[in-house]
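# Structural overview
Here is what each chain is made of, one letter per residue.
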2 protein chains.
Amino acid sequence: MTRPDPVKLPEEAASVRIVLCDDHAVVRAGLRALLDSAPGIEVVGEADSGAEAVALAMKLTPDVVLMDLQLGVGLDGVEATRRITAASGGSVHVLVLTTYDTDADITRAIEAGATGYLLKAERPDELFTAIHSAAAGRTALSAPVAHRVMARMRSPRPALTDRERDILGQLARGLTNRDIAKALYLSEATVKTHLGRIYGKLDVDTRAGAVAVAKEQRLLP
Amino acid sequence: MTRPDPVKLPEEAASVRIVLCDDHAVVRAGLRALLDSAPGIEVVGEADSGAEAVALAMKLTPDVVLMDLQLGVGLDGVEATRRITAASGGSVHVLVLTTYDTDADITRAIEAGATGYLLKAERPDELFTAIHSAAAGRTALSAPVAHRVMARMRSPRPALTDRERDILGQLARGLTNRDIAKALYLSEATVKTHLGRIYGKLDVDTRAGAVAVAKEQRLLP
DNA sequence: CGTCGGCGCACCGGCTGGTTCCGGCACGCA
DNA sequence: TGCGTGCCGGAACCAGCCGGTGCGCCGACG
């Protein structure tokens, strides 16, 4: 898959070397075709899973990994991002390119060490500039993402704790309080307490509503 | 509305004329770059909304419209497909290219007149052959989709009625039975009856579970 | 004309769900 | 060391919600 390119054209600056990671082969091929036609950008590898992305990032040490967050099965985009930045010591920059601009996704990606966060709905030239920014280590957020970050700063919505996510996960399976309690080795009373706190944070007052916003905001894996 | 087309050229050599419809500008650009490099395929237009796709399909009368089903706001992909096939009398073929292979999505797309249903996770050459198939009016289903169709034929899972979808929609907003009743001008008892039937069809036994599978299977808009 | 699927309704009993209040820990900080 | 805070786990209470069952009406369809 990797073609060692013996001829390095010393242009104004060397090409930005990129690894693509997206589980959709068609859009991956599309991105490659698109980026191949762009000057100063060179796609050196493709991955269709998080694990493969990490491996390629280590082996090829590209300047930028273009990472989708939703990766079907296995390692998810956030975790892959975390491992890549950790293992490379920050020398390989991850630019997230995804469809959703949910608070949870953005936060987790940034917290995992992503250098930028771009939406697939963005104009392609934004993508090119973002890639060069990311290669230089500069943060690149697309407009809607930046807005969300700002909004979150202004009105800090409390994040769910790990335990609360556990409860919510069971709830989303349609379990009753008693069953959740059994599943997590808790008292039923405790489950209710957690649920109450969850309702507060999600601004709902019923279980069904909680499940709805949980799915909506992609709070569950 | 239908213009008589006096001469139908039996072309092997002429390119298949295509209109792209996807609300993500980046993947649209990627697809164009990919298809532009393919022989025998010519992208003649791009749309980022259902409405625009319908307009372009009428104006350009392409051989194939490559249609994503999830189109953010406005006309959704299924409705756009329905209008295009209806307005063109079937002369413009719609090839659905999307990420999800949910039963509901597949069924609705086919029922709306789509000539084919392809997943973005498919290999790009599948895409090329599917495009040519669609241009010739031949049905093109990618493997996982075909499997699902067969499975559904074998064990016909009852589809939700319109009314049941209404109820489910309100339920997914976290409303209580009483509130759903008020919202839909029903008796609370009726709401419960519908919910019971919904549980049966979705194979769950709690409201939270119903919301979960509803979101999972994309039963709600 | 039969009957079948979809819709709407009534009644009821069990028990689930939501609320409130409380204590224990771990941690950070002065 | 003492204090404040955030998170976790729990007890008790009671309203009323939920789910099940049975039934009638209607229109479509054969």
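Not measured: the values here are computed from a predicted model.

A few words on the UniProt feature "domain: Response regulatory" (unreviewed entry) in chain A. Taking the numbering used here, the UniProt-annotated feature "domain: Response regulatory" (unreviewed entry) corresponds to residues 17-135 of chain A. Split by type, residues 17-135 of chain A is 47% helix and 22% strand. Its first and last C-alpha atoms lie 9 Å apart.

Moving on, we come to the confidence of the model for chain A. In low-pLDDT regions, the fine details of the predicted coordinates are not to be read closely. Here chain A averages 90 in pLDDT, and 94% of its residues register 70 or above. Every residue in residues 1-11 of chain A is under pLDDT 50, and counting partners more than four places away or in other chains gives eight contacts.

Before going further, it helps to spend a moment on the protein's contact with DNA strand D. Around DNA strand D sit 18 residues, and of these A:Thr161, A:Arg163, B:Asn177, B:Arg178 and B:Lys192 come closest. A share of 55% of the atoms of DNA strand D within 4 Å of the protein falls on sugar and phosphate groups. Contact between DNA strand D and A:Arg197: a base nitrogen at 3.2 Å from a side-chain N or O atom of the residue. A distance of 2.8 Å is found between a base oxygen of DNA strand D and a side-chain nitrogen or oxygen belonging to B:Lys192. Of all the secondary-structure elements, those providing two or more residues to the surface near DNA strand D are helix H9 (188-202) of chain A together with helix H8 (177-184) and helix H9 (188-202) of chain B. Among the elements that take part in the surface near DNA strand D, H9(A) stands out by supplying five residues, more than any other.

Annotation of chain A at the domain level lists domain 1 (16-153) and domain 2 (162-216). Here the C-alpha centre of domain 2 of chain A lies 33 Å away from the C-alpha centre of domain 1 of chain A.

With that out of the way, let us pick up the protein's contact with DNA strand C. Neighbouring residues of DNA strand C: 18 residues in total, closest A:Arg178, A:Lys192, A:Tyr199, B:Thr161 and B:Thr193. Among all atoms of DNA strand C positioned within 4 Å of the protein, those belonging to sugar or phosphate total 57%. At 2.7 Å from a phosphate oxygen of DNA strand C is found a main-chain nitrogen or oxygen belonging to B:Ser187. In terms of residue class, the surface near DNA strand C is built from three nonpolar, eight polar and seven charged.

On to the sheet that holds strand S6 (residues 140-141) of chain A, then. Residues and elements named next belong to chain A. Pairing is parallel across the open sheet formed by six strands, whose spatial order is S2-S1-S3-S4-S5-S6. The open sheet is flanked by strand S2 (41-47) and S6, the only strands paired with a single partner. Sheet topology note: the strand S3 (residues 64-67)/strand S4 (residues 93-98) ladder contains four bridges and is parallel. Among the inter-strand pairings, Val 65 is bridged to a residue of S4, identified as Val 94. The strands touched by helix H2 (residues 50-60) within the sheet are strand S1 (16-21), S2 and S3, with S2 carrying the most contacts at an inclination of about 135 degrees.

Another point: the packing of aromatic side chains. Within the structure shown, the criterion is met by zero aromatic pairs over all chains. Above the plane of the ring of B:Tyr100 lies B:Arg218, whose end atom (NZ or CZ) is 4.1 Å from the centre.

Overlaying chain B with chain A gives an RMSD of 0.1 Å, the required rotation being 180 degrees about an axis along which the chain moves by 0.0 Å. What the rotation and shift describe, once combined, is the action of a two-fold rotation axis. For chain B, the residue whose C-alpha comes nearest the rotation axis is B:Gly30, separated from it by 1.9 Å. Both copies present the same face, since 97% of the interface residues in chain B are matched by interface residues at the equivalent positions in chain A.

Regular strands show a simple pattern: their side chains alternate between the two faces of the sheet. Residues and elements named next belong to chain B. Most of strand S1 (residues 16-21) sits inside the fold, with five of its six residues counted as buried. When S1 meets strand S3 (residues 64-67), the two strands line up parallel, connected through four bridges. Residue Leu 20 lies in a different strand from S3, and its bridge partner there is Leu 66.

This part is about the interface of chain B and chain A. Contact with chain B, which involves 31 residues of that partner, is made by 30 residues of chain A. Each partner contributes to the roughly 2,200 Å² buried at the junction of chain B and chain A, and carbon and sulfur atoms together form 73% of this total. When the buried surface of chain B facing chain A is broken down by residue, B:Val26, B:Ala208 and B:Lys215 rank first, second and third, together holding 24% of it. Along the contact surface separating chain B from chain A lie two salt bridges. When the shortest N-O distance is used, the salt bridge between B:Lys215 and A:Glu216 registers 2.5 Å. Taken together, the links from chain B to chain A amount to nine residue pairs in polar contact (both at pLDDT 80 or more). Going through the elements one at a time, helix H1 (25-36), helix H5 (124-135) and helix H10 (207-216) of chain B are the ones with two or more residues in the side of chain B that touches chain A. Per element, the largest residue contribution to the side of chain B that touches chain A is eight residues, and it comes from H1(B). Of the residues assigned to the side of chain B that touches chain A, the class counts are 18 nonpolar, six polar and seven charged.

Criteria and cut-off values
As a convention, each chain's residues are numbered from 1 in the sequence order in which they are written. Here chains are named by letter from A upward and ligands by number from 1 upward, in the order in which they appear as written. The model is predicted, so local features are restricted to residues of pLDDT at least 70 and side-chain atom pairs to those at 80 or more, both for listing and for counting; the totals for chains, interfaces and linings are taken over all residues. Excluding hydrogens and water, the side-chain values take into account all heavy atoms of the structure. UniProt positions are given in the numbering used here, feature names are shortened, and annotations may be inferred rather than shown by experiment. By definition, any uninterrupted DSSP run of H or I lasting at least four residues is a helix, any uninterrupted run of E lasting at least two residues is a strand, and each is numbered from the N terminus. Per-residue confidence from the predictor is reported as pLDDT, which spans 0 to 100. Whether two residues are in contact is decided by their heavy atoms: any pair within 4.5 Å suffices. Definition of nearness: a residue and a molecule or strand are near each other if at least one heavy atom of the residue lies within 4 Å of the molecule or strand. Polar contact criterion, stated in full: a pair of N or O atoms within 3.5 Å, where within protein one must be able to donate a hydrogen and the other to accept it, and residues adjacent in sequence count only if both atoms are side-chain atoms. Residue ranges assigned to each domain were obtained from an automatic or database domain assignment. Each residue receives one of three labels: charged for Asp, Glu, Lys and Arg, nonpolar for Ala, Val, Leu, Ile, Met, Phe, Trp, Tyr, Cys and Pro, and polar for the others, Gly being one of them. What makes two strands pair is DSSP finding at least two bridges between them. Here an angle of 0 to 180 degrees is reported between the N-to-C directions of two axes, which are lines fitted to C-alpha atoms, with helices fitted over the stretch in contact. Between rings of Phe, Tyr and Trp, where Trp is taken as its six-membered ring, a pair exists when centres lie within 6.5 Å; planes separated by under 30 degrees are stacked, by over 60 edge-to-face, and by other angles tilted. Two conditions define a charge located above a ring, namely a distance within 6 Å from the ring centre to NZ of Lys or CZ of Arg, and an angle within 35 degrees of the ring normal. Copy-to-copy alignment: least squares on C-alpha atoms, limited to residues at pLDDT 70 or above in both. A simple rule labels every residue: compare its accessible area, found with a 1.4 Å probe on the protein chains alone, to the largest value its type can have, and call it buried under 20%, exposed over 50%, or partly exposed in between. Accessible-area loss on putting two parts together, using a 1.4 Å probe and summing over both, is the definition of buried area adopted here. Within this document, salt bridges are pairs made up of a side-chain nitrogen of Lys or Arg and a carboxyl oxygen of Asp or Glu, the two lying within 4 Å of each other.

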